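As a plain string of letters, each chain reads:
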Amino acid sequence: MSDNTTNHAITLADPDDLDNNTSANPHIKDVLATRMHRRFVLKGGVGAMSMAGLGSLGLAACGGDDSPAITPAPAAAPAVAAPAPAPTFEGLLKFKAVDKSIADRLIVADGYTATVIYATGDSIASNVTDYKNDGTDDNFARRSGDHHDGMHYFGLSATGTPSLSANDRALLVINHENITGTVQFMHANGQTNIAATAGPRPEAEAVKEMEAHGVSVVELAKSATGYGYVKGSTFNRRITSSTLMDLAGPARGTDFVKTRFSPTGTQTRGTVNNCGNGYTPWGTYLTAEENWAGYFLRGADAAIRTQKDNNGMLRNGIRPPVAPATFTAGFAHNRWASVVPADATSTMFSRWDITAVAANPADGSADFRNAANTFGYVVEIDPYDPNSTPIKRTALGRRANEGAWPSNAVVGRPIAFYIGDDSRGEYIYKFVSRKLWVAADANRTDRLRVGDEYMNEGTLYAARFNANGTGTWVKLDLSNPDVAAGIPASALNPEGYQFASLADICVNTRMAADAAKATRMDRPEWTSVNPVTGEIYITCTENPDRGNTASTSISGNNFNNPDVDPANPRYWLDPKGVTSQGAANATQRGNVNGHIMRIKETGDNAAAETFNWDIFLFGAQATADTGIDNVNYQQNVNLSGLSPLNDLSKPDGIWFSRSTGILWIETDDNTFTDQTNAMLLAAIPGTQGDGGQVTVVNRANGSPNQTVTSDKTITTFAGRKMSDTTLKRFMVAPLGAEITGVAESPDGTALFINIQHPGENTSATQFTARTFESNWPGNGAGVPAYGPGGATARPRSATVMITKNGGGKIGL
């Protein structure tokens, strides 16, 4: 996700990113272990292990425009063979590591070529003009959206049916997270009437912005020069913040989701802030709604709503225009609710105003008080059927979802989906299907009906990390006595919260995890499952509030922030010089650079309710900044032994190659930018338990709570230390961008990466002067120049294809 709000029209921190967790859950340092588990110390590398039972479409992707369109034939899919076992990872990473860079160019390892194939504004229909990139283009419902993010490659046979092995033809499905920081480039002269006190937003501008959110489905075809997207393909589709969606699962039809648009609570419109992603073994795409709360306008309606309703909204960062005073009714992203449409009967814009109207029924069926309750889910899309209606799977819970990655599919066992909640102090989740995996379901053509069978009924869990390196998946249903007892009354929540049903839990999932006493984590983001071992990796991007146990944190939106604990064991002081973003901050504290968790399910069973864990990787600089004790830094911060060739900050995206076994790690960083732009690294994953116990001494000056005067010591479990041969920097992004989304061709010879929001730190003054922070990819820096504009081009998010010069698998 993007966490730099420098150029947001409203310069407040996004409420979704902040800690809205007011629970007083015990930290794992306080949990007494009932027994110590056995630890197995294994050698690094993947090893030769079988992938039996992986009946899934785990491929990868990108686009072009010179191949004929082929009409989809979803009803005639042939049987899909199980994928071949993953190969043994032989040897170490072969490429030369890339140096850090703050240049406005994309830098890829020597011996590789990067080519842009699909960028913001690209037309996906033959009757839509090519992108001029001057702010005058419209019809984004048939153009690429902005902020390319998570993505997946779905192979196509020559007849247009699903194929796990197709290297010549595919569908690439790409998330378009948001427009923050780059929206000004979509309009000729930037946004109009964006200030909270301004008049109505122009309808045409708002429509363009709403259409730039969501998901792209584009056909790819391969030629002698690589992949390109097929402009006129009938598979091509845009799913936006206005697309009709079905609601499924426990919340469907309940009073929680009834609106004026759908008084029966069975449908909603649109998906927003689509960040991480997943896929299913039956061939559908999963897109995760992340920072959705800030899109909604809420007036002073607290007295109209029940206290329970108010508590649920507050827990998800939706506040009325009262305390804290910094969060006003005008906070809503882009002020879409202010539009006065030409069609006076339209509710396309008024639906973003969720203020409850006292005269209307309390069930919400006559206004949009519940509209926000129809967002925050994992959305299932059938990429092979452009006429299908996407489905929001409420059984998987509601939160700031950061992907939903499946377990390895094993016949006769449930399918699990692993989900991070990308806010400070939030939780790691999994959903376990009630239905056991049937191999034949991989070949069914009624793919969304298969989704009903696996994703509407099951058990939702949150992770509790014990201090001894074990963990428990705590149930989020009324069979758990802690959840059934609800949340006790407190000063912050005078009435407490009592769960009435499973639907209540699925809508107010964060509070259920509070009640279940799950472990609060440092912004858990992407999840990925090792296709060989089944181990789960979760990025924890950062938490500047870790250790700030004062009642109110530095963010101004947090209460009762967690202290360090074994699963989140570090805070430190990190001075920062003048950066590529044009600012200095000498007082960064807390968990500045993030870490990556690793989980091994008991018995390698995705349905297990216990697990072992360690921290695979600690983000850090290779050497402490000037003025910081470097010996202490190496002992207590740089716990993975990172060097200048692989040091990193804020791991965000994470993804395994099925072809090579490489673990690809992507960063979205605004703390290391005095030394480098965001980056892509390749790692040899190893196995849980390949390291050991380490003791971390957190110096008092690193705590965000400046009343702390003594050091704090924590024992944790770390994976093996990294070396320059087991972790290497492969790519560095242009200015202002994050690197996100990974996919590959089945043969591993093409890797696809998304470059999101280059130039997002361009100020209003710079925009007016047309001196943008970045001019990529039009400037051709590190890639062949793409689109109009040249050296002065407006920057664009883009999907990049990486190939090895002379051919071969990427990274080896």
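Residues numbered from 1 in each chain as written. Predicted model: local features only at pLDDT ≥ 70, side-chain atom pairs only at ≥ 80, totals over all residues. Heavy atoms only, no water.

Asks: Whenever I open this one, the overall build of the protein chain confuses me. Can you help?
Replies: The number of helices and strands found in the protein chain is eight helices and 33 strands. Counting only residues that meet the buried cut, the protein chain has 64% of its 812 residues in that class. Carbon and sulfur atoms make up 55% of the accessible area of the protein chain, which totals about 25100 Å². (Helix = DSSP H or I, 4+ residues; strand = E, 2+ residues; numbered from the N terminus. Buried < 20%, exposed > 50% of the residue type's maximum accessible area, 1.4 Å probe, protein only. Areas by Shrake-Rupley, 256 points an atom, 1.4 Å probe, with all protein chains shown as cover.)

Asks: What's the story with the packing of aromatic side chains in this structure? I'm lost.
Replies: Pairs of aromatic rings are described using the distance from one ring centre to the other and the angle between the two planes. Tallying each qualifying case throughout the model produces 31 aromatic pairs. Seen from their ring centres, Trp-352 and Phe-375 are 5.8 Å apart, and the 45 degrees between their planes marks the pair as tilted. With a gap of 23 residues between them, Trp-352 in the loop between helix H2 (307-315) and strand S12 (378-381) and Phe-375 in the loop between H2 and S12 connect regions that are remote in the sequence. Each of the two residues, Trp-352 as well as Phe-375, counts as buried. Ring pairing ties together the aromatic residues Tyr-418, Phe-465, Trp-473, Phe-611, Trp-613 and Phe-717, which thus form one cluster. Sitting over the face of the ring of Phe-375, Lys-392 holds its NZ or CZ atom 3.7 Å from the ring centroid. (Phe/Tyr/Trp six-rings, centres within 6.5 Å; stacked < 30°, edge-to-face > 60°. Lys NZ or Arg CZ within 6 Å of the ring centre and 35° of its normal.)

Asks: Looking at this model, I keep getting lost on the nonpolar core. Mind explaining?
Replies: One finds Phe-465, Trp-664, Phe-730, Met-731 and Ile-802 to be the most contacted residues of the largest nonpolar core, which totals 91 residues. If you tally residues by element for this core, the top one is strand S2 (residues 112-119), at six residues. With 33 residues, the next largest nonpolar core counts Phe-417, Tyr-429, Met-455 and Ile-505 among its residues. (Core = buried A, V, L, I, M, F, W, Y, C linked by side-chain atoms within 4.5 Å.)

Asks: Please clarify how the environment of Asn-605 should be interpreted in this entry.
Replies: Secondary-structure assignment places Asn-605 in the loop between strand S23 (595-601) and strand S24 (610-618). Overall, the relative accessible area of 23% leaves Asn-605 in the partly exposed class. Along the chain, Asn-605 and Val-410 lie 195 residues apart, while their C-alpha atoms are 9.1 Å from each other. Engagement of the side chain of Asn-605 in a polar contact is seen with the backbone nitrogen of Ala-607, the distance being 3.0 Å. (Polar contact = N/O pair within 3.5 Å; in protein donor to acceptor, adjacent residues only side chain to side chain.)

Asks: How do you make sense of unusual backbone geometry when you look at a structure like this?
Replies: Glycine aside, residues mostly have negative phi angles, and peptide bonds mostly take the trans form. Following Trp-776, the chain continues into Pro-777 via a peptide bond in cis, with omega recorded as 5 degrees. The residue Asn-133 is not glycine, and still its phi comes out positive at about 60 degrees. You can see Asn-133 is positioned in the loop between S2 and strand S3 (148-155). In this structure Asn-133 comes out as buried when scored by relative accessible area, which is 8%. Residues other than glycine seldom take positive phi values, yet Arg-523 does so here, at roughly 50 degrees.

Asks: I keep staring at the sheet that holds strand S25 (residues 651-656) and nothing clicks. Help me out?
Replies: Strand pairing in a sheet is mediated by backbone hydrogen bonds. Such pairs are either parallel or antiparallel. Read across the open sheet, the five strands follow the order S1-S30-S27-S26-S25; overall the sheet is antiparallel. Either end of the sheet is taken by a strand with one partner, and the two such strands are strand S1 (107-108) and S25. Sheet topology places S25 next to strand S26 (residues 663-667); four bridges connect them, and they run antiparallel. Bridge assignment links Trp-655 to a residue of S26, and that residue is Trp-664. (Pairing = 2+ DSSP bridges.)

Asks: Honestly, the sheet that holds S12 in this entry has me stumped. Any pointers?
Replies: Read from one edge of the open sheet, six strands run S9-S8-S13-S12-S11-S10, paired in mixed fashion. What marks the edges here is a single partner per strand, and that holds for strand S9 (267-269) and strand S10 (274-279). Averaged over all adjacent pairs, the angle separating strand axes in this sheet is 35 degrees, with direction ignored. Both S12 and strand S13 (residues 391-393) contribute to a ladder of three bridges, which runs antiparallel. Among the inter-strand pairings, Glu-380 is bridged to a residue of S13, identified as Ile-391. Contacts from helix H3 (residues 447-455) reach strand S11 (285-289), S12 and S13, with the element oriented near 15 degrees to S13. (Axes fitted to C-alpha atoms, helices over the stretch in contact; angles between N-to-C directions. Contact = heavy atoms within 4.5 Å.)

Asks: Please clarify how H2 should be interpreted in this entry.
Replies: Among the residues of H2, Asn-310, Asn-311, Gly-312, Met-313 and Arg-315 are the ones counted as buried. Buried positions along H2 lie against strand S16 (424-426) and helix H6 (509-515). Following H2 by one or two positions, Gly-317 adopts a phi angle in the positive range, close to 85 degrees.

Asks: Sorry if this is basic, but what is going on with the pattern of salt bridges here?
Replies: Under the defined criterion, the tally for this structure stands at 44 salt bridges. Of the charged contacts, one joins Lys-100 and Asp-647 as a salt bridge, the two residues approaching to 3.1 Å between their closest N and O atoms. Taken as a pair, Lys-100 in the segment before S1 and Asp-647 in the loop between helix H7 (630-636) and S25 lie far apart in primary sequence, 547 residues in all. Given the relative accessible area of 23%, Lys-100 is considered partly exposed. Here the residues in one salt-bridge network are Asp-422, Arg-424, Arg-523, Glu-525, Glu-542 and Asp-545, joined through shared partners. (Salt bridge = Lys/Arg side-chain N within 4 Å of Asp/Glu carboxyl O.)

Asks: Can you help me understand the pairing of strand S33 (residues 798-804) in this one?
Replies: Taken residue by residue, a regular strand's side chains alternate between the two faces of the sheet. Across the seven residues that make up S33, a large majority, five, are buried. The sheet contact formed by S2 and S33 spans seven bridges and is antiparallel. Following the sheet pairing, Val-116 is matched in S33 by Val-800. Pairing of strand S32 (residues 750-756) with S33, which is carried by six bridges, proceeds in the antiparallel orientation. Looking at the pairing, Leu-751 lines up with Ile-802 of S33.

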